[in-house]
Amino acid sequence: MDQNTAVDLGEARTQLYEILEAEEGAVTERCRQTLALGCAYLGVENAHLKEIPGGDGSGARVSLAAGDRTWIADDTPLGDPAFCRATVQQAEALEITDAEAEGYAENPGYADHGVACYLGARVIVDAATYGTVCFVSSTPRETSFAPEQRLFAELLHAAVRDICEQPTRPAV
């Protein structure tokens, strides 16, 4: 799938079902396909699965990324997981459409990593917090994510969680 090509909801749903129903393919690749689908549907530059051991932020790293990986790549250690630290402490997804305008100019997510737009949710694997799935861009959005985009992002978070719970997880 070309990660720079926008897809509508119907096509995105069809592609997600194909990824989830596939019996072939490594778990890592299926997870990356799910993240890339999120980039295409949500219109963001990058999506990634971030591991946050213990939930306190220490040892955080991006374990898997899709989209523009020149910006945020696989196996990237993070000194401060920034927005994701707040995300793992709440049940709902965290949405930031314009980090600077919403008061996050000093947050390391914006100040150090250049994340201006963020939609992330906590990932629970085997009854413990694994980390987050994040959809991000370096430019702010003009509007909030639409309700159907937020709902589909929740489905993508659940899909990544389900893939991670399979016997062979992405390398951590």
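Residues numbered from 1 in each chain as written. Predicted model: local features only at pLDDT ≥ 70, side-chain atom pairs only at ≥ 80, totals over all residues. Heavy atoms only, no water.

Undergrad: Before we move on, can you summarise the environment of D98 with the specific residues and values?
TA: Inspection of the secondary structure puts D98 in the loop between β4 (94-96) and α4 (108-111). Take D98: its relative accessible area is 23%, and that puts it in the partly exposed class. (Helix = DSSP H or I, 4+ residues; strand = E, 2+ residues; numbered from the N terminus. Buried < 20%, exposed > 50% of the residue type's maximum accessible area, 1.4 Å probe, protein only.)

Undergrad: Tell me about the pattern of salt bridges, and name the residues and values.
TA: Under the counting rule described, the total for this entry stands at two salt bridges. Between R150 and E95 there is a salt bridge, with its nearest N and O atoms 2.6 Å apart. Taken together, the positions of R150 in helix α5 (residues 147-164) and E95 in strand β4 put the pair 55 residues apart, joining distant regions of the chain. Residue classification places R150 among the partly exposed residues on the basis of a relative accessible area of 25%. In this structure, D162 engages R161 in a salt bridge whose closest nitrogen and oxygen atoms are separated by 2.9 Å. (Salt bridge = Lys/Arg side-chain N within 4 Å of Asp/Glu carboxyl O.)

Undergrad: Break down the nonpolar core for me, with residues and values.
TA: L37, L42, L49 and F135 are the most contacted members of the largest nonpolar core, which totals 35 residues. Secondary structure elements with two or more residues in this core: α1 (9-21), α2 (27-42), β1 (46-51), β2 (61-67), β5 (117-125), β6 (128-137) and α5. A per-element tally of this core places α2 first, with nine residues. V62, L94, I96 and V115 belong to the second-largest nonpolar core, a separate cluster that totals 15 residues. (Core = buried A, V, L, I, M, F, W, Y, C linked by side-chain atoms within 4.5 Å.)

Purely geometric stuff here, so don't read any function into it on its own.
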